[in-house]
4 protein chains.
Amino acid sequence: MAGNAFGKLFTLTTFGESHGKGVGGIIDGYPSGIGINLDFIQNELNRRRPGQSKLVTPRDEKDRIEILSGVFEGLSTGTPIAFVVMNADQRSNDYNDLSNVFRPSHADYTYIQKYGIRDHRGGGRSSARETLARVAGGAFAKLLLAKLGVTVNAYVSQIGRVQLEQSYDKLDLSLTEQNDVRCPDPMVAEKMVLEIEAARADRDSLGGIITCVAKGVPAGWGEPVFDRLQADLAKAMLSINAVKGFEYGSGFAGSAMRGSQHNDIFRPDPHNPGNIVMDTNRAGGILGGISSGQDIYFRTAFKPVATIMREQNTVDKDANPVTINPKGRHDVCVVPRAVPIVEAMAAMVLVDHYLRFEAYRRKDDINEGKS
Amino acid sequence: MAGNAFGKLFTLTTFGESHGKGVGGIIDGYPSGIGINLDFIQNELNRRRPGQSKLVTPRDEKDRIEILSGVFEGLSTGTPIAFVVMNADQRSNDYNDLSNVFRPSHADYTYIQKYGIRDHRGGGRSSARETLARVAGGAFAKLLLAKLGVTVNAYVSQIGRVQLEQSYDKLDLSLTEQNDVRCPDPMVAEKMVLEIEAARADRDSLGGIITCVAKGVPAGWGEPVFDRLQADLAKAMLSINAVKGFEYGSGFAGSAMRGSQHNDIFRPDPHNPGNIVMDTNRAGGILGGISSGQDIYFRTAFKPVATIMREQNTVDKDANPVTINPKGRHDVCVVPRAVPIVEAMAAMVLVDHYLRFEAYRRKDDINEGKS
Amino acid sequence: MAGNAFGKLFTLTTFGESHGKGVGGIIDGYPSGIGINLDFIQNELNRRRPGQSKLVTPRDEKDRIEILSGVFEGLSTGTPIAFVVMNADQRSNDYNDLSNVFRPSHADYTYIQKYGIRDHRGGGRSSARETLARVAGGAFAKLLLAKLGVTVNAYVSQIGRVQLEQSYDKLDLSLTEQNDVRCPDPMVAEKMVLEIEAARADRDSLGGIITCVAKGVPAGWGEPVFDRLQADLAKAMLSINAVKGFEYGSGFAGSAMRGSQHNDIFRPDPHNPGNIVMDTNRAGGILGGISSGQDIYFRTAFKPVATIMREQNTVDKDANPVTINPKGRHDVCVVPRAVPIVEAMAAMVLVDHYLRFEAYRRKDDINEGKS
Amino acid sequence: MAGNAFGKLFTLTTFGESHGKGVGGIIDGYPSGIGINLDFIQNELNRRRPGQSKLVTPRDEKDRIEILSGVFEGLSTGTPIAFVVMNADQRSNDYNDLSNVFRPSHADYTYIQKYGIRDHRGGGRSSARETLARVAGGAFAKLLLAKLGVTVNAYVSQIGRVQLEQSYDKLDLSLTEQNDVRCPDPMVAEKMVLEIEAARADRDSLGGIITCVAKGVPAGWGEPVFDRLQADLAKAMLSINAVKGFEYGSGFAGSAMRGSQHNDIFRPDPHNPGNIVMDTNRAGGILGGISSGQDIYFRTAFKPVATIMREQNTVDKDANPVTINPKGRHDVCVVPRAVPIVEAMAAMVLVDHYLRFEAYRRKDDINEGKS
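Summary of the structure given here.

The rules we used
- Residues numbered from 1 in each chain as written.
- Chains lettered and ligands numbered in written order.
- Predicted model: local features only at pLDDT ≥ 70, side-chain atom pairs only at ≥ 80, totals over all residues.
- Heavy atoms only, no water.
- Disulfide = S-S within 2.5 Å.
- Pairing = 2+ DSSP bridges.
- Helix = DSSP H or I, 4+ residues; strand = E, 2+ residues; numbered from the N terminus.
- Salt bridge = Lys/Arg side-chain N within 4 Å of Asp/Glu carboxyl O.
- Buried < 20%, exposed > 50% of the residue type's maximum accessible area, 1.4 Å probe, protein only.
- Least-squares fit on C-alpha atoms with pLDDT ≥ 70 in both.
- Contact = heavy atoms within 4.5 Å.
- Buried area = accessible area lost by both parts, 1.4 Å probe.
- Polar contact = N/O pair within 3.5 Å; in protein donor to acceptor, adjacent residues only side chain to side chain.
- Nonpolar A, V, L, I, M, F, W, Y, C, P; charged D, E, K, R; others polar.
- Axes fitted to C-alpha atoms, helices over the stretch in contact; angles between N-to-C directions.
- Parallel < 35°, antiparallel > 145°, perpendicular 65-115°, else oblique.
- Left-handed = near helix turned anticlockwise from the far one by under 90°.
- Phe/Tyr/Trp six-rings, centres within 6.5 Å; stacked < 30°, edge-to-face > 60°.

Comments concerning the state of the cysteines
- In the structure shown here, the tally under the stated rule is 0 disulfides over all chains.
- Considering cysteine sulfurs only, Cys183 of chain A is the nearest to Cys333 of chain A, which forms no disulfide, with 12 Å between them.

This is the structure in structure tokens:
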């Protein structure tokens, strides 16, 4: 209820501060009998990890995940899966002079307004290090989705003013991981790298946009009113640090279209009599809050990093003017590292709705008088 | 859990189909002792009501709300407030020939995939008539917010290709209700009316964008991780029929900015020593998921209405090709009528977080050994 | 969150005061495609209804249920099922002189402490008339359980000092409805009637105990830690007006037994090789919070009715001493009318856990790469 | 949703198996600014710990709690508090021959029915070692309750056939911790010790009853319908391993009383004009689900320990008859060690309802137009 748990049937509850003992979580509602590939989970964390390329923060956390419960002889047991990543490389002293300062566009000010106290070291709970637990939760979700034939892939489609113009279905998403910015178009990726280098030279920071696609989701997942699939995806995305916007399918651009242009037309599948196909997917794979069987795709906007490596004016907690000049290690642009976070949050939403679908779906044997 | 309830401490659960007996809901978690102004609530429903202007659907529902419980001698009692609006003007026969047809870009197809059965009349549960219960819930929320000095105002900032360029703080929002399109700039409003008339002449439909502003929210509402205030607002908006996108503060445009341009700088309030002010508000009134005391503002994108008054190809439930040509009564553009829906959902999110803030906040007397 | 909703996947939210416009609820999470037998539902309400026999209150509510949504052409549609029973026979004037009085052992005092206001008429929200909505919700639950081969039957096993000694498996439960006290042993039933008549003659009231049995629940329902099946049953029972205790299986008496006497021994089923049977069931059909496949049985204790037809001293809201002498219509003993309430609450708990079981259970096709 | 989380506003989510890496949990919803006394928390765990006296299992876990987050410079920060107790003394080999055996009256059989897999070592998740996390959660709850002047004290009132006859208000509860059986009457305590020694000599086991009293709870906590204070207490108690029953106030015995005997009469407080007092408290401190300001007291029944140190017949997972003869370390009677568990669960229920009370209560400043 204090907002550190996500999902209804698949629930991830997280804990941890940037410079506390560790960050982790508990997954409650993971079905039993699923093979748990630890290497896959660790690799997902590595994709989010600082220090993974020359473009991102050099903080060198090993970020080794330890599973504390819920897995036995390589299989999930249906009981809670707890995991923790201990914090190793904490240079808390870098932050000591910030203990009473409200950094611009950070959560320092609002935490004090809400709680009256905060662990200021490295941003404490408001640090993006918290997203590590989301990536771990998402990795477990992906292991289950893989069994269902569902994949979730995100990539960077904009950094600063550099945009990737093509839509996801014109791209080879297998290329996403082959460059440091996680853009599947190598030419655009190079431009993005230059954009980042230019901002770094200016001691400034950048934002960007991530596009995400889920394939293989069958028709029928989602709930029709408040818990629409897109509503839960929107909440998932807007819960990520620095996110300012979400759109799916035709998105904001769709608002300028007319209905005759926008509608996706059903027609008989010429290859599978009795089946129905649509040639367009402006709906984004969701109709009335429920998956249609088409690809689900959406875009998430990130603001530029709030910490910039130059002098900024601000105030301390007593409203005295102060000047800050960060010495810590900070990304110029977090968007490439946010790709696995977006995927993780989307994967958890999908698993949650898969389980809800299972709970409510018609069962063939229900009229036979036995469960 | 089947997604017909919204909110955690202030919970609205809704029911009803377009052509069933009625539409309504139960509010659980409304504090006691709040004066319930029934005229205000009815007026909010009237703002959403079909037939309110020549621009919208002529279906003439009276939409009279009846309160069934939870109010006694003009005050809320703290017990559940149930309300119902009975359906009066149902021309279900208009829809009989659609009982086995999947209308393009509607939920007909996905409802059948999920449930195997649907009340097809007027769209059943997937009809936007469901939003009536949201407006009622939001009206109760607004009555509580008013006591706290919080206002929530939305307006139409785009219809089709006609955009209102100014930001909300340059507009006189008291003008919003003075024209049929609910645009506070009378000149732009006229262009929007023409845009709608043109689409109607083409037997086509339009989408648009609604901007919403909440003023008076004190610093400290919201939760820091998954239940960030913006995350709950995003979910609220994306749960509304036809919504495709959400952005707050700098939004998608903020992704192209640099940190040095984007950061909102704190400075001492020259008029109130010890107070802190910000001259800009690209954050949108929320930092780290928690309200900062500045205005909260966001934009919500609506796709064009799916029902258009022309022949369209589609399929029936057996995948046979059919042609439909709607005879019912339909809006060319629902966006003006969606203004109170956006306000209602936002108001309910704010009340929910107000109650959560109250639950968790430090109490001065807690060290005194009594509650 | 304000406690007017029950269940997680099958959720009943209720509303209504004794002398308000009506009492009803919304069921969210009812699966689609279930035949809704309205006569059965009405009959369940009739079993709880006042005025059903000469032993109970003569208040003559027709208690006709009206379904407002969620049922189409005789089948559930998967959307919320709203229902209402309008209040007809309200003699609110009987209560006017009680508007400022705190009746002994009623909720009048604590409602004012909590809310500062209350609808005093007939007890308002604290009236047992609220349980009508539970019985309706339970009736829907029973319709679903019947398809699964699960039955829920309760009966009166004690009224005042008259006890039914036999355990449930020695009784013919089909006799329960054949007498006014709902005791399946006709001889004991007669004694119970005499006990009630004697208390009535003394202008006094009685409590009692209800035993409930669920048969046909397969092994595997329930959750292992906090949401143990017995924990949810206990909560369900203690949420009923006037209930003071709950025990299942061996119950309180089991505390005096030794392990060697108490353990239920597994042995091979001689008739079905590979099957396992137990000859005893002191566990009450639940092991580790999860159903074992044996009968689930439990007992619920009710205190005597607080309203007695004699003069009692009490105070008004200003702590002045007053004397009350009720004129309303009141049961001497509510326990027979509570039988359908106990069944309803138990049925809703079971459906909730059935849906949870479905959500989490292993699926044979999950390794095939499709859902 | 899979039942490993408890509470709504104060939520404890737990994890861990008896012989896994550790047992722990996350508290979400703990208010900020509360002093966290680690010694107190460790001492609560010590009260539950095995090996604390010659009467209980000699398994010598140090059970040292480690706080991973949410506490900064000795104060709670309002963010999630995670804690873990690593498992040290695991003699898993003691259990290897039980990996395919269903022990009588244990959860082995139902876990396999539900999950198809289980960590059999030491009972895995179904082990009472899981309650360690409850005691830690309850310790945090008690620290908050102490600031409010609320105390929660439990004691053993029955072991086997030895009963403590006096009611709680005739006892000196400060004596509870002065003997190994946690019975505040030293004479009865001695008889209980003899009862345990006799059962041990017989290689048998015992159950018992725990009484719990909460003092200082002000009037107004609790919700009036499904989340009655007693309903949440009942659920809390029935969620503890081995518990078979719950009663509060007059309990099961009250069912045989008449209303005229049972009602608690309000009268003016002769010492505090305007105040109201009651001379009796058969209600158990709760009226209509809401605390009355009187003491809250209840009793919880535990069955005898299922593991007995003698040969028992049972079956393996293939329904073959087997004989087991436990070699592990097991309590003859767990009831004394369950005293802190009962207190912990009760304390968490009370904190949860305290926060709910705070969320919904009337605020004096709400009519002033500011929060």
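Let's talk about the sheet that holds strand 19 (residues 321-324) of chain A
All names here are of chain A.
- One open sheet accounts for 3 strands, arranged 8-18-19; its pairing is antiparallel. With partners counted over all chains shown, the strands left at the sheet margins are strand 8 (101-102) and strand 19, one partner each.
- As defined by bridge partners, strand 18 (residues 312-316) adjoins strand 19 across 4 bridges and the pair is classed as antiparallel. Within strand 19, the position partnered with Val315 by the bridge is Pro321.

Examining the pattern of salt bridges
- Within the structure shown, the criterion is met by 127 salt bridges over all chains.
- Here Glu343 of chain B and Arg47 of chain B are joined by a salt bridge, their closest N and O atoms 2.8 Å apart. You can see Glu343 of chain B sitting in helix 7 (residues 335-360) and its partner Arg47 of chain B sitting in helix 1 (residues 38-48), a full 296 residues away along the chain.
- Since its relative accessible area comes to 10%, Arg47 of chain B is described here as buried.
- In this structure, a network of salt bridges that share partners links the residues Lys8, Asp227, Asp232, Asp352 and Arg356 of chain A together with Lys235 of chain B.

Topic: the relation of the copies chain B and chain A
- For the pair chain B and chain A, the best superposition has an RMSD of 0.0 Å and corresponds to a rotation of 180° with a translation of 0.0 Å parallel to the axis. Such values leave the two copies arranged in the relation of a two-fold axis.

Thoughts on the relation of the copies chain D and chain A
- Rotating chain D by 180° about the axis while translating it 0.0 Å along that axis superimposes it on chain A, leaving an RMSD of 0.0 Å.
- Most of the interface of chain D is mirrored in chain A: 100% of its interface residues are interface residues there too.

As for the interface of chain B and chain A
- Listed per partner, the contact involves 111 residues of chain B and 110 residues of chain A.
- For the pair chain B and chain A, the summed buried area comes to about 8800 Å², and 60% of that belongs to carbon and sulfur atoms.
- Looking at the side of chain B facing chain A, the largest losses of area belong to Phe226, Lys244 and Arg258 of chain B, adding up to 10% of the total buried there.
- Summed over the shared surface of chain B and chain A, the number is 8 salt bridges.
- In this structure, the salt-bridge partner of Asp232 of chain B is Lys235 of chain A, at a minimum N-O distance of 2.7 Å.
- Counting across the interface, chain B meets chain A through 42 residue pairs in polar contact (both at pLDDT 80 or more).
- Each residue belonging to the side of chain B that touches chain A can be placed in one class, and the counts come to 47 nonpolar, 37 polar and 27 charged.

Describing the interface of chain D and chain A
- The interface is formed by 44 residues belonging to chain D together with 44 residues belonging to chain A.
- Summing the contributions of chain D and of chain A, the shared interface buries around 3200 Å²; its carbon and sulfur component is 66%.
- Together, Leu68, Phe72 and Ile117 of chain D form the three largest contributors to the area buried by chain D at its contact with chain A, with a combined 19%.
- In this structure, Glu66 of chain A engages Lys21 of chain D in a salt bridge whose closest nitrogen and oxygen atoms are separated by 3.4 Å.
- Joining chain D to chain A, the criterion identifies 10 residue pairs in polar contact (both at pLDDT 80 or more).
- Sorting elements by how many residues they give to the side of chain D that touches chain A places strand 2 (residues 11-16) of chain D first, with 5 residues.

Some words on the packing of helix 1 (residues 38-48) of chain D against helix 3 (residues 131-148) of chain D
Residue and element names in this part refer to chain D.
- In the contact formed by helix 1 and helix 3, the axes pass within 9 Å of each other and the chain directions differ by 140°. The angle between helix 1 and helix 3 falls in the class oblique. Where helix 1 crosses over helix 3, the handedness of that crossing is right-handed. Taking contact as the criterion, the partners of Phe40, Ile41, Glu44, Leu45, Arg47 and Arg48 in helix 1 are, on helix 3, Thr131, Leu132, Val135, Ala136, Ala139, Phe140, Lys142 and Leu143.

Some points on the sheet that holds strand 9 (residues 151-159) of chain A
- One open sheet accounts for 10 strands, arranged 10(A)-9(A)-11(A)-17(A)-12(A)-12(B)-17(B)-11(B)-9(B)-10(B); its pairing is antiparallel. Only two strands of the sheet have a single neighbouring strand rather than two, namely strand 10 (162-163) of chain A together with strand 10 (162-163) of chain B.
- As paired strands, strand 11 (residues 208-215) of chain B and strand 17 (residues 296-302) of chain B are joined by 7 bridges and run antiparallel to one another. Note that in strand 17 of chain B the partner of Gly208 of chain B across the bridge is Phe302 of chain B.
- Across the sheet, helix 4 (residues 186-201) of chain A lies against strand 9 and strand 10 of chain A, angled at about 55° from strand 9 of chain A, the strand it touches most.

Overview of the pairing of strand 7 (residues 81-86) of chain B
All names here are of chain B.
- Burial runs high along strand 7: 5 of the 6 residues are buried.
- Strand direction decides the pairing type here: strand 4 (residues 65-67) and strand 7, joined by 3 bridges, are antiparallel. By the bridge assignment for strand 7, Ile67 is matched with Phe83.

Things to note about the packing of helix 5 (residues 229-238) of chain A against helix 5 (residues 229-238) of chain B
- Look at helix 5 of chain A against helix 5 of chain B: their axes get within 8 Å of each other, and the N-to-C directions meet at 160°. One finds that helix 5 of chain A runs roughly antiparallel with respect to helix 5 of chain B. At the point where helix 5 of chain A passes helix 5 of chain B, the crossing takes the right-handed sense. Each of Gln230, Ala231, Asp232, Ala234, Lys235 and Leu238 of chain A in helix 5 of chain A lies in contact with helix 5 of chain B, whose residues at this interface are Gln230, Ala231, Asp232, Ala234, Lys235 and Leu238 of chain B.
- In terms of residue class, the contact of helix 5 of chain A with helix 5 of chain B is made up of 6 nonpolar, 2 polar and 4 charged.

Regarding the packing of aromatic side chains
- For the structure shown, the criterion picks out 46 aromatic pairs over all chains.
- Measuring from ring centre to ring centre gives 6.3 Å for Phe266 of chain A and Phe102 of chain B, while their planes differ by 55°; the resulting arrangement is tilted. Highlighted residues: Phe266 of chain A in strand 13 (residues 266-268) and Phe102 of chain B in strand 8 (residues 101-102), drawn from two different chains.
- Residue Phe102 of chain B is classed as buried on the basis of its relative accessible area, which comes to 3%.

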